[in-house]
Amino acid sequence: MYTNVLAKKQNHSLAQGEATMIEEAMASVQKRFDPFGVTTSLLNAQAAWMMHPQELSRAIGAMSGDVIALQTHLMRRAFGLPSEDVVTPHADDARFAGPVWSDSATWDIVKETYLAITHRVEDMLFETPGLSDKERRRAAFWVRKWLNAMAPTNFFLTNPVAMSKYVETHGESLTQGFSNFMRDAQAKNIRIVDEDAFKVGTDLAITPGRVVFRNRLVELLHYTPTTAKVHRTPIVIITPWINKFYVLDLTPRRSMVKYLTDQGYSVFITSWKNPTADLAQVNFDNYLLEGVDQVVDVARKLSKSAQVHLTGYCIGGTLVATYMAWASRHYGEKNMPVAHWTLLTTLTDFSKPGDIDVYIDEGSIAALEEKMAKTGFLDGNDMASSFRMLRSNSLIWHYFERSYLFGEPLPPIDVLFWNTDTTRMPAAMHSFYLREMYLNNNLIKRDALTIAGEPIDLDRITQPLYAVGAEDDHIVPWRQSYKIRRYVNIKAPVRYVLTTSGHIFGIVNAVVTPPRRSFWVAAPERNESNEHWLARADRKAGSWWEDWLDWLSPQCGPLVAPPDIDAEVDPELGTAPGTYVFEK
């Protein structure tokens, strides 16, 4: 027994040594020519398989089994016999949703062959011997992107739906598709929505309000109360500065801020400046001091309230969590300006950040820093392209097929319009964020970060927290956002909600009848696993917004007359949605 254990340890050490040797051999090449590992990760995987002939032989054997299964499937379909799919498309894979891909034996075989090859190749890369887990994921990610591009749905002669549309329209679909292609070629992008589909301030972001504060980084908007009385404690929402604030104020039917205002809350929201080269040296400290700290102070003074309810979304939530730890030390318990807080799909523990992890290592961050040093910022289009690549089937190839092969017009979808309204990231801030949060994961380490003169420790936070994760979120995996319970102080009451849908639609989750979505909710224990929490959490139909208000209402104090904010604010600041939202 001892000999077996020793042998296993030796094999594990050998595998680790091989992984280090292979990856170090390619490191200098990657740093110079391929900082994101598009090619070098695949070369690493190829070298690793060549160094493990036994494992390679077994993998080839498994692939041979797929070939035999495909041949059997082909013969049964050719003779008109029923046959179960060799590989079933994932539930979220809409590429082969058309009935022709199942009804026609020919196209079913094309589909099954493609899926069998792609699944087997991806599985091989995830199982590559002698590579680190991260390098395996990176190799599989980039191969998946290439395989997605090579799908039969992306080519006219292997897309039966496209050919059928061509016949039905007497060639008009392809003519229009070419016109759409030329439109996108001029824009140097595969568009997902027309640039004039909506107008901010006319169609979107139209909830009445005014700008109550402006500095070089942020505008603070306050929405006009729609009820005779409002809760005494105002809500201050810190939005992401990746894209614009109006994701929370889309059309009136889907606007979170309108919903909150109509329920008797006094709502403030941040609209961040779209930075240019002159703000290259703005850092995370500036976003905390000139952003969160100043807007909280302004909201308190205008509302004549000692404290606020603070809400943060995505990177805005990471800043809020940092601020809560900073303020707990800076102001102390007695003068704490925040009574309670909410996090919406927010990372505080960056150890497993999801698919975005393939972009995060020393080489890729150094390459971004070199690029930002030339411009003073990370361009919004670069950020948008990175996020679209994470979901290339739904955010790239879906529109390639619909626009070019089907000749369809772009759908006027408000969330897609917002998604293309990109913003830049200041070089200093973005470098700090990538290194200290993603690469080093220092936010969860006690006093590892010093922000605005204060060491940061999330365990100092004792204020009640409402946290929301989204089941299908690929940017903030819910199991990571759930971990906030582990890091805030044990005295802090925490209510965690897991909603269906993803990073955007899980949050932009309006109350409708009948309900379209559902959520799980329960108060997690300090060290309770997410699996145990999920097993005992209550599942409820509808939007979590209603549950949030049930939690907020008793904490935001009694109903009082709305503060006369107009009398306190310079009218020259203007009305909502402000001016920063229009900056390109």
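Residues numbered from 1 in each chain as written. Predicted model: local features only at pLDDT ≥ 70, side-chain atom pairs only at ≥ 80, totals over all residues. Heavy atoms only, no water.

Caption draft 1: Summary view of the overall build of the chain. Secondary structure summary: the chain contains 20 helices and 16 strands in total. Its C-alpha atoms give the chain a radius of gyration of 26 Å, within 12% of the compact-globule value 25 Å for 584 residues. Dimensions along the principal axes, computed over C-alpha positions, put the chain at roughly 80 × 75 × 50 Å. Looking at the chain as a whole, 53% of its 584 residues are labelled buried. Looking at the chain alone, contacts between residues at least 24 apart form 79% of all its contacts between residues at least 6 apart. Total accessible area on the chain is roughly 26,600 Å²; 55% of this is exposed by carbon and sulfur atoms. For the chain, the centre of its 60 positive side-chain charges and the centre of its 68 negative side-chain charges are spaced 3 Å apart. (Helix = DSSP H or I, 4+ residues; strand = E, 2+ residues; numbered from the N terminus. Rg over C-alpha atoms; globule rule 2.2 N^0.38 Å. Buried < 20%, exposed > 50% of the residue type's maximum accessible area, 1.4 Å probe, protein only. Contact = heavy atoms within 4.5 Å. Areas by Shrake-Rupley, 256 points an atom, 1.4 Å probe, with all protein chains shown as cover. Lys, Arg positive; Asp, Glu negative; His and termini not counted. Charge placed at Lys NZ, Arg CZ, Asp CG, Glu CD.)

Caption draft 2: Local environment of the nonpolar core. Membership of the largest hydrophobic core comes to 141 residues, with the highest contact counts inside it found for Y246, L310, W341 and W544. Dropping the residues within four chain positions of it, L310 is found in contact with V236, I238, V292, V296, V320, Y323, M324, V338, H340, W341 and T342. By size, the runner-up hydrophobic cluster in this structure holds 17 residues, among which are A45, F96, W107 and A140. (Core = buried A, V, L, I, M, F, W, Y, C linked by side-chain atoms within 4.5 Å.)

Caption draft 3: Just the side chain of T233, in detail. Here T233 lies in the loop between β3 (230–231) and β4 (235–238). Of the residues examined, T233 reaches a relative accessible area of 11% and is grouped as buried. Leave out the neighbours within four places in its chain, and T233 touches S305, Q307, V308, H309, H340, Q555, C556 and G557.

Caption draft 4: Quick peek at the sheet that holds strand β1 (residues 209–214). With mixed pairing, 10 strands are arranged side by side in an open sheet as β1-β2-β5-β4-β6-β7-β12-β13-β14-β15. Sheet topology places β1 and β15 (538–541) at the edges, where each strand pairs with a single neighbour. When the angles between neighbouring strand axes are averaged without regard to direction, this sheet yields 20°. (Pairing = 2+ DSSP bridges. Axes fitted to C-alpha atoms, helices over the stretch in contact; angles between N-to-C directions.)

Caption draft 5: Representation of the pairing of strand β13 (residues 494–499) within the structure. Along β13, 5 of the 6 residues are buried, which leaves the element largely enclosed by surrounding structure. Pairing between strand β12 (residues 465–470) and β13: 6 bridges, direction parallel. Each residue of the ladder has a partner; that of A470, found in β13, is T499. Sheet analysis places β13 next to strand β14 (residues 518–522), joined by 4 bridges and oriented antiparallel. Directly across from V497, in β14, lies its bridge partner V521.

Caption draft 6: Up close: helix α7 (residues 160–168). The N-cap residue of α7 is N159: its side-chain oxygen and the backbone nitrogen of V161 are 3.1 Å apart. One or two positions beyond α7, positive phi appears at H170, with a value near 60°. (Polar contact = N/O pair within 3.5 Å; in protein donor to acceptor, adjacent residues only side chain to side chain.)

Caption draft 7: Quick peek at a nonpolar patch on the surface. On the surface, L74, M75, F79 and L81 cluster together to form a nonpolar patch covering roughly 430 Å² of accessible area. For M75, the location among the structural elements is in helix α3 (residues 53–78). (Patch = residues over 30% accessible without salt bridge, like charges linked within 9 Å, V, L, I, M, F, W, Y side chains within 5 Å. Salt bridge = Lys/Arg side-chain N within 4 Å of Asp/Glu carboxyl O.)

Caption draft 8: A look at the pattern of salt bridges. Applying the stated rule across the entire model yields 38 salt bridges. A salt bridge links D108 to K111, with the shortest nitrogen-to-oxygen separation between them at 3.3 Å. Here D108 pairs with K111, and both are found in helix α5 (residues 105–126), just 3 residues apart, close to one helical turn. With relative accessibility at 2%, the residue K111 sits in the buried group. Across the salt bridge formed by E528 and R536, the nearest N and O atoms sit 2.6 Å from each other. A relative accessible area of 36% means that R536 is categorised as partly exposed.

Caption draft 9: Geometry of the packing of α3 against α5. Viewed as axis vectors pointing N to C, α3 and α5 meet at an angle of 170°, and their least axial separation amounts to 10 Å. The orientation of α3 relative to α5 falls into the category roughly antiparallel. Side by side, α3 and α5 meet where L56, A59, A62, M63, D66, L70, H73, L74 and R77 of the first sit next to A105, D108, I109, E112, T113, A116, R120 and M124 of the second. Residue composition of the contact of α3 with α5, grouped by class: 10 nonpolar, 2 polar and 5 charged. (Parallel < 35°, antiparallel > 145°, perpendicular 65-115°, else oblique. Nonpolar A, V, L, I, M, F, W, Y, C, P; charged D, E, K, R; others polar.)

Caption draft 10: Representation of unusual backbone geometry in the model. Following T513, the chain continues to P514 via a peptide bond in cis, the omega torsion being -5°. Following A576, the chain continues into P577 via a peptide bond in cis, with omega recorded as 10°. By secondary structure assignment, the location of P577 is in the segment after β16 (559–560). Positioned with a positive phi, A452 is a non-glycine residue whose angle comes to about 50°. For A452, the location among the structural elements is in the loop between β10 (450–451) and β11 (454–455).

Caption draft 11: A look at the environment of S41. Tracing the chain through its elements places S41 in helix α2 (residues 40–50). Among residues more than four places away in sequence, those in contact with S41 are E135, R138, A139 and W142.

Caption draft 12: The packing of α2 against helix α6 (residues 133–149), seen in detail. Two elements in contact, α2 and α6, have axes separated by 8 Å at closest approach and are oriented at 115°. Where α2 crosses over α6, the two elements pack in a sense that is left-handed. Together, S41, L42, N44 and A45 of α2 and E135, R138, A139, W142 and V143 of α6 make up the contact between the two elements. Classifying every residue of the contact of α2 with α6 by side-chain character gives 5 nonpolar, 2 polar and 2 charged. (Left-handed = near helix turned anticlockwise from the far one by under 90°.)

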